[in-house]
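Notes for the structure review
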Amino acid sequence: MLVELIGSKPASKVIVVDDEELLLEVQAAWDSPKRMSVRVTAIAYGPSHLQTERLEEHLTVPIFDAGDIAR
């Protein structure tokens, strides 16, 4: 499912945390030229004192062939 998100614009959603609205954006991209992993970037925008605060996190997910997964 992550591979299908690569190259598309970020998916965004407004969520509520502690009665505050946050805008959450998630985007996927290839992490290596060999396309062996996907890098997922999530950015949260939310209120802070007199400004908007931004928090960015990254996650790398390896891509496996279904035949590579041990049963």
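Residues numbered from 1 in each chain as written. Predicted model: local features only at pLDDT ≥ 70, side-chain atom pairs only at ≥ 80, totals over all residues. Heavy atoms only, no water.

1. A word on the environment of methionine 1
Relative to the assigned elements, methionine 1 resides in the segment before helix H1 (2-5). Separated by 33 residues in the primary sequence, methionine 1 and lysine 34 have C-alpha atoms spaced 18 Å apart. (Helix = DSSP H or I, 4+ residues; strand = E, 2+ residues; numbered from the N terminus.)

2. Some thoughts on unusual backbone geometry
In this model, aspartate 18 sits at a positive phi of 50°, which is unusual for a non-glycine residue. Along the chain, aspartate 18 falls in the loop between strand S1 (11-17) and strand S2 (20-30). For arginine 35, which is not glycine, the phi torsion reads 55° and is therefore positive. With respect to the element layout, arginine 35 can be found in the loop between S2 and strand S3 (37-48).

3. Considering the sheet that holds S3
In space, the four strands of this open sheet follow the order S1-S2-S3-S4, with antiparallel pairing throughout. The open sheet has two edge strands with one neighbour each: S1 and strand S4 (51-62). Sheet twist, expressed as the average angle between the axes of neighbouring strands with direction ignored, equals 25°. Examined bridge by bridge, S2 and S3 share eight bridges and lie antiparallel to one another. For leucine 23, the partnering residue across the bridge sits in S3 and is tyrosine 45. (Pairing = 2+ DSSP bridges. Axes fitted to C-alpha atoms, helices over the stretch in contact; angles between N-to-C directions.)

4. Thoughts on the side chain of serine 37
With respect to the helices and strands, the residue serine 37 is situated in strand S3. Setting aside anything within four residues of it in sequence, one finds serine 37 in contact with Ala29, Trp30, Asp31, Ser32, Thr60, Val61, Pro62 and Ile63. (Contact = heavy atoms within 4.5 Å.)

5. Focus: the pairing of S2
Sheet topology note: the S1/S2 ladder contains seven bridges and is antiparallel. From the neighbouring strand, valine 17 faces S2, where its bridge partner is glutamate 20. Counted between consecutive antiparallel strands, the loop separating S2 from S3 contains six residues, among which arginine 35 sits at a positive phi close to 55°.

6. Describing the confidence of the model for the chain
As a note on interpretation, predicted positions should not be read in detail where pLDDT is low. Averaged over every residue, the pLDDT of the chain is 87; the share at 70 or more is 90%. Confidence, read as mean pLDDT per element, is least for H1 in the chain (85) and greatest for S2 (94). (pLDDT = per-residue confidence, 0-100.)

7. A word on the pairing of S4
Bridge analysis of S3 against S4 gives twelve bridges, and the strand direction is antiparallel. Considered in S4, the bridge of alanine 44 is made with leucine 55. In this structure, the hairpin formed by S3 and S4 is closed by a connection of two residues, where leucine 50 is found at a positive phi of approximately 65°.

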